Amino acid sequence: MTKEIIIELDNVWKTYKMGTVEVHALRGMSLKVKKGEFLAIMGPSGSGKSTAMNMIGCLDIPTKGEIKLLGRDISTLHESDLAQIRGKKIGFIFQKFNLLNTLTAKENIMLPMTFQGIPREEREKKSEELLGLVELKDRMDHRPNELSGGQQQRVAIARSLSNSPDVILADEPTGNLDSTTGERVLDFLKKLHKEKGTTIVMVTHDKKIAEQAERIEFLKDGSIVKNL
Amino acid sequence: MIKDYFKVAIKNIFNRKLRSWLTMIGIFIGIAAVVALISLGSGMQKAITSQFGKIGANRISISPGGAIAGPLSENLGSGILYSSDVEAVRNVKGVEFATGPIAAYVELEFNKEIEYVALMAFDDDTKTLRYMEEMGLAEVEYGRQIKTGATREVILGNRIANDLFDKPIQVGNSIYVDNYKFNVVGIQKKSDSSMFDTVIRISKKTAEDLFERENPSNIFAKVDDNYEPTEVLGKLEKALRKEHNVDEGEEDFTIEIAADVIESFTRILTTVQILVISIAAISIVVGAVGITNTMYTAVLERTGEIGIMKAIGARNSDILTIFLIESGMLGLVGGLIGIFIGVGIGKAVEVIAKAAMNSNILQAHFPWYLILGSLLFSFLLGAIAGTMPAKQASKMNPIDALRYE
């Protein structure tokens, strides 16, 4: 049985204007991600990885082409609709963790649920569950600056799971971590994929990291290539 | 959800304590000034209304001199009331009662000390006495009232008895009024207005006999409850014009109803209040601009945070609400502190005024609408001041915001 396609990029172009010069960050990128897949998009810096990530993550819309998320074309949606999709369907893990420093670990995990209007009790329960999953229950009342890099990234993983998204997007998730901590974070992602069947799209420039995924797609000069 | 946004806002405010405090100073100085001024103004209004309330709306006061006497008017201070005027007033239909006290400035000697004080001489009949008691001008604290027909009896104002001479004067003491010996039979209760605490009171008959005065300083009248005071006022004017032989518009006397006096006092007070509050409003405007400035800085500083929130599902309206609540809270907390300071200032002025003037006229009054209104106003002011920065925050592109260092 063929698996359902969860993300589909069809001839996606993204062009930025820098003064009078047009810069093509993506040049006709096409990609299909199936449900339950762990995909790595690998490419050198400047290859358009981050732009691709922003497109898949509904943070930006393409200049040309079509992006379908769960069969719905998102390339023409308004910012408020995109925000809703981001909140419900996508979980982000960033290279720099991007936790809110004023909130505790638990509150950081609760925040995406707050934006979805989930009642407080449910939010608390879910966030504690997720903290248990990333083995940080004893750190739930700590603020990000009281946690190590690895711990912060695990909180970010827990946060990305808070609204039970259809896909997790990880942008260089180990980029700011040492190799041992990085491995541990990757192990968490693999565990999530294996045990819960979560769809994960990971962007990296590191071959070793990319090899941890089920499938690797190579990105060069804004389009998918066979190899680098 | 809104509750959670309030929590986030409070956390953010506490995170930059110093800046928040500095921002709030402008608001709380303004609100403190407004609260203090309105409370004192409204206290004063209340005091005036209650003073005149004692007199009653159906009480009429006639004084010499034209009412519309401008600085160049020949009527200014030129009027005299005659004892025959009192009779004329009494004869007007609808006047229940009228009395014309004599006022004078006299020499008072006690224990070989001499002071100069005001003297008031009323009729000593029970009706007049009751009328004056109703007005709060003749309540005796120690001793008794002047007996009907008694000639050398005097009642002293509270301050004259207690403060004027080295030794306090007591009931039973003898004093000399313009060299005539009088027996002190009573001491008046301290009144709300210090004016009546520095007056001595004898019977009108005695004043006429000893000091050869007969023209009343004022005429006080009471309108029968069955008649309309303004109607009676018109008749009174007509009667006195005839008595004084003057035409309409050239009156050398002024007739006032208590209600009119309250109104004109209130009008003056309101004008002064509006003026002073306008000045205080400048501080509030400056405070609001301070909030706008702080919120712009906050938006800039937290650009990355805005990007994160947008990435994890915050809509533009969520970001707008968070920042509006935050600026509203700055206003609200500023307002709350301002109210406390304002209440403190109001109370302090009240205590100082009481000590300095020995009067209760300047009492701070804090109606609920002043407190609640100030709170609501300061929250709204904060929110309005933060509208532009909050809009800027909400419209940020999530990618640009995330990239911002």
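Let me sum up the structure you'll find in this document. (Residues numbered from 1 in each chain as written. Chains lettered and ligands numbered in written order. Predicted model: local features only at pLDDT ≥ 70, side-chain atom pairs only at ≥ 80, totals over all residues. Heavy atoms only, no water.)

Quick notes on the interface of chain A and chain B
- Taken together, the contact between chain A and chain B spans 29 residues of the former and 24 residues of the latter.
- For the pairing of chain A and chain B, the buried interface totals around 2,300 Å² over both sides, and the portion due to carbon and sulfur atoms is 59%.
- Our count for the contact surface shared by chain A and chain B stands at three salt bridges.
- Notably, a salt bridge pairs B:Asp4 with A:Arg123, separated by 2.8 Å at the nearest N-O pair.
- Run the count over chain A and chain B and you get four residue pairs in polar contact (both at pLDDT 80 or more).
- Counting residues per element, the ones that place at least two in the side of chain A that touches chain B are α2 (79-89), α3 (105-115) and α4 (120-133) of chain A.
- No other element matches the six residues that α2(A) contributes to the side of chain A that touches chain B.
- Its residues assigned to classes, the side of chain A that touches chain B comprises eleven nonpolar, nine polar and nine charged. (Contact = heavy atoms within 4.5 Å. Buried area = accessible area lost by both parts, 1.4 Å probe. Salt bridge = Lys/Arg side-chain N within 4 Å of Asp/Glu carboxyl O. Polar contact = N/O pair within 3.5 Å; in protein donor to acceptor, adjacent residues only side chain to side chain. Helix = DSSP H or I, 4+ residues; strand = E, 2+ residues; numbered from the N terminus. Nonpolar A, V, L, I, M, F, W, Y, C, P; charged D, E, K, R; others polar.)

Re the packing of aromatic side chains
- According to the stated counting rule, one finds six aromatic pairs over all chains in the structure shown.
- Relative to B:Tyr131, the ring of B:Phe97 has its centre 4.9 Å away and its plane inclined at 45°; by these criteria the two rings are tilted. With a gap of 34 residues between them, B:Phe97 in strand β2 (residues 95-99) and B:Tyr131 in helix α4 (residues 126-134) connect regions that are remote in the sequence. A single burial state applies to B:Phe97 and to B:Tyr131, both of which are buried.
- Ring geometry for B:Trp368 against B:Tyr369: centres 6.0 Å apart, planes inclined by 80°, an arrangement best described as edge-to-face.
- On the accessibility criterion, B:Trp368 (64% relative accessible area) is exposed.
- Here B:Tyr369 falls in the exposed class, since its relative accessible area comes to 52%.
- A cation over a ring is seen here: A:Lys64 above A:Trp13, with NZ or CZ 4.8 Å from the ring centre.
- One residue, B:Arg152, lies across the ring of B:Phe182, its end atom 5.9 Å from the ring centre. (Phe/Tyr/Trp six-rings, centres within 6.5 Å; stacked < 30°, edge-to-face > 60°. Buried < 20%, exposed > 50% of the residue type's maximum accessible area, 1.4 Å probe, protein only. Lys NZ or Arg CZ within 6 Å of the ring centre and 35° of its normal.)

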